[in-house]
Each structure stands twice: as structure tokens, then as C-alpha cells.
Amino acid sequence: MAVGSLVMPAPATGKAQGGCYMATTTNCGGGLSREHYISRGLIDGRELRVRGMPWQREEVERYSADNLVARILCQRHNSAMSPLDAHAIRFFRAVEAGLKHAQRRSLSRRSHFFITSGDGLELWAMKTLASLYASRIEFTKPEHRFRDFDPPMDRIVAELSSPNTRSVMTLSLPITQDAHEEQLGRRAVSIGPIVDHEKRELSGLLIRMHGIALVFNLDLQDEDALPSTELARPDMIDLIGMGRTSRIFLSWEKRRREGRIFQIHLSNPQKNRPPGKPTRSWNRSPMRKPRP
């Protein structure tokens, strides 16, 4: 699945818009726009439940699209990078539809399939990291602050403006249960930086969609450097219910002979569940296995 071109139409404007984090490309235009640092299309209803923002008083709060914006991109650059938002939206909706299908009670055993772009998702995460940093959002942690750990903005800008864009981030999925939310399927997005305490540097971004954790590792030189509890760049994500399965394919420009499958085994909602218990939960940890 092609990512789509991020190259802006010629000729270059030669302008650097103050406040646009892509200004060093001297190809700005249209003035500053209201950029959504959580993609606008992820909020396709009136509001979205959001976790992880530093100003939140409650664990999960509801926001409209207009609450999650900052003037950090000019209109020309914002428009050029819109294909990346489309890839994130496609994946978000695939997870949402896949969970509903796998957990809906039915006599049918038919599987549903969805196609998304792994490359597009990694590039979107790179853009999201830059947007969060440029908007001066302050994620305060017990031992560190987001603003104390600069992402490689020069390289991100160079990649986002290149005709052969490559992400500086690598997607991995944790295979341990506690990395994901207990209640899968809740229509929420959470986001936050990952800091390497030993090296005292920013090492990635953690994003949860519908409760499923996505780790975007920054400057990962070798996939073997990941802990054994994480699976890098899966080709398929299986959402396995009691009788039906949803499979989400992730396409990668550089294909491998090995097919990497990430599995999440789900339990169906109980008719008479105890009060306060989630309607969706794990009945065992996610698994990974190679395709035969």
C-alpha cells in the first residue's frame, strides 16, 4: 500500500513562515494553519476520548476537534502532509471495526480483513512527535519533562520534505498483557513520550489506539536491539474472538520472506458480568508466531 507523495507542487515559494516547524525548507505558504497534533480524522464524531495529555485532571477526558490544535504549520506544509493523517485514520478505523467484528455475538465464523500501511503509520508518528514538540506541550513525569529531551527536529524536517521520505521511527508492538489497556475497544487515544533513563534521552513515542499499545522507537538501528517482549514491524495483527477473527495487514516497502503475526486473544462480553468490570478484556497475553 503506497504512502503517497509528500512533495509540494513546484515552484518552491522561497518563504519561511515564522512559527512553522518546517520553515527551514523555505517553502512555506498560506500563513499559519490550525494543525491538529492528534489527527483531525481520528475525531470523526463530536468528540474523542483522550488519555495522556499533561493538563488532564481525569484519566480519560472528552475533547472536540477544536480543542486539540496549535499554530505550528503553514497551510502549504499542512496540506502536503495530509496523506500521513489519512494512514493513521485508516489504521484507527481498522482496529475499531476489527474489534467490533471479533467480539460481536454471531453464528457466522467469517473473518474480516483490513489493509493498512505500516510505513505510513511510522511516518505519521514522526510527524506527530514533531507536532507535539513544536506545540510546546509539556508532558511532566516524576523524573523528567518532555521539553528536556529534544527530538531530532532537523532530521524530521529533512525527511518530511524529501521526495524519498523515510521515518526515523520504528513501530513495535509489546507482546506482554500489561502494556495494553485492560479494556480494549474503548474509543480513545493516549499518547506520551518514552525516555531512556540510563541514556537520559528521548527514545520514542507510545500511542494507544482503542487500548492497543503502539511503540514508535526513535533511531532504532537494529530490530534485534528491541527487548524480547516486543515485535518489530508486524505484517499482520490478528484480533481473535471466541468464534471469529479480524486480521489487519500492514504493508511495508521492504518486504521480508518471514511473515510476522501479532495476535491478541479476546474474550467476548459476558451477559451477567460483575459491576464495574469491562465489557472487553484479555483471556491471555498477545502472542507472536512466524507464518509456516
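Novice: Can you lay out the overall build of the protein for me, pointing to particular residues and giving the numbers?
Specialist: Counting its secondary structure elements, the protein contains four helices and 15 strands. Buried residues in the protein amount to 50% of all 292 residues. Contacts spanning at least 24 positions in sequence make up 71% of the contacts within the protein whose residues lie at least 6 apart.

Novice: Please set out the packing of helix 3 (residues 118–134) against helix 4 (residues 153–160) residue by residue, giving values where relevant.
Specialist: Each pair of packed helices can be summarised by the angle the axes make with each other and by the distance between the axes. Here helix 3 crosses helix 4 at 130°, and the two axes come no closer than 10 Å. The orientation of helix 3 relative to helix 4 falls into the category oblique. Note on packing geometry: the crossing formed by helix 3 with helix 4 is left-handed. Listed contacts from helix 4 to M126, K127, L129, A130 and Y133 of helix 3 are M153, I156, E159 and L160. Of the residues contributing to the contact of helix 3 with helix 4, the split by class is seven nonpolar, no polar and two charged.

Novice: Please provide a residue-by-residue account of a nonpolar patch on the surface, values included.
Specialist: Nonpolar side chains collect at one region of the surface, where M1, F113, I115 and F249 lie side by side and expose about 390 Å² of accessible area between them. By the secondary structure assignment, I115 is in strand 5 (residues 112–117).

Novice: Give a detailed account of unusual backbone geometry, specifying residues and quantitative values.
Specialist: With an omega of 0°, the peptide bond running from A10 to P11 counts as cis. Along the chain, P11 turns up in the segment before strand 1 (32–36). Phi at D219 is positive, roughly 55°, even though this residue is not glycine. With respect to the element layout, D219 can be found in the loop between strand 9 (212–218) and strand 10 (230–232).

Novice: Give me the lowdown on the pattern of salt bridges, citing residues and values where you can.
Specialist: Applying the stated criterion across every chain yields a total of seven salt bridges. As a salt-bridge pair, R155 and D219 come within 2.7 Å of each other at their nearest N and O atoms. Linking R155 in helix 4 with D219 in the loop between strand 9 and strand 10, this pair joins segments that are 64 residues apart in sequence. Under the relative-accessibility criterion, R155 is labelled partly exposed at 39%. The class for D219 is partly exposed, based on a relative accessible area of 32%. For R233, the salt bridge is made with E223, and the minimal N-O distance between the two is 4.0 Å. One end of the pair, R233, is in the loop between strand 10 and strand 11 (236–240); the other, E223, is in the loop between strand 9 and strand 10, and 10 residues separate them in sequence. By relative accessible area, which is 21% here, R233 ends up partly exposed.

Novice: Describe in detail the side chain of R260, supporting the description with residues and values.
Specialist: Relative to the helices and strands, R260 resides in strand 13 (residues 260–267). Owing to a relative accessible area of 15%, R260 belongs among the buried residues under this scheme. Residue contacts for R260: discarding those within four places in its chain leaves E223, L231, A232, R233, P234, D235 and M236.

Novice: Break down the nonpolar core for me, citing the residues and quoting the values.
Specialist: In terms of nonpolar packing, the biggest core is built from 61 residues, with Y21, F91, M169, F216, L239 and I248 touching the most fellow members. The element best represented in this core is helix 3, accounting for nine residues. Every residue in contact with M169, bar those within four places of it in the chain, is listed here: E122, A125, M126, L129, G204, L205, F216, N217, L218 and R233.

Novice: Residues and numbers for the environment of V168, please.
Specialist: Position of V168 among the secondary structure elements: in the loop between helix 4 and strand 6 (169–174). With relative accessibility at 8%, the residue V168 sits in the buried group. Sequence separation of V168 and F216 is 48 residues, and the distance between their C-alpha atoms is 9.3 Å. If we skip the residues at most four places from it in the chain, V168 touches M126, R155, I156, E159, N217, L218 and D219.

Definitions and limits used
- Residues numbered from 1 in each chain as written.
- Predicted model: local features only at pLDDT ≥ 70, side-chain atom pairs only at ≥ 80, totals over all residues.
- Heavy atoms only, no water.
- Helix = DSSP H or I, 4+ residues; strand = E, 2+ residues; numbered from the N terminus.
- Buried < 20%, exposed > 50% of the residue type's maximum accessible area, 1.4 Å probe, protein only.
- Contact = heavy atoms within 4.5 Å.
- Axes fitted to C-alpha atoms, helices over the stretch in contact; angles between N-to-C directions.
- Parallel < 35°, antiparallel > 145°, perpendicular 65-115°, else oblique.
- Left-handed = near helix turned anticlockwise from the far one by under 90°.
- Nonpolar A, V, L, I, M, F, W, Y, C, P; charged D, E, K, R; others polar.
- Patch = residues over 30% accessible without salt bridge, like charges linked within 9 Å, V, L, I, M, F, W, Y side chains within 5 Å.
- Areas by Shrake-Rupley, 256 points an atom, 1.4 Å probe, with all protein chains shown as cover.
- Salt bridge = Lys/Arg side-chain N within 4 Å of Asp/Glu carboxyl O.
- Core = buried A, V, L, I, M, F, W, Y, C linked by side-chain atoms within 4.5 Å.

The quantities given are spatial measurements derived from coordinates; they are silent on function.
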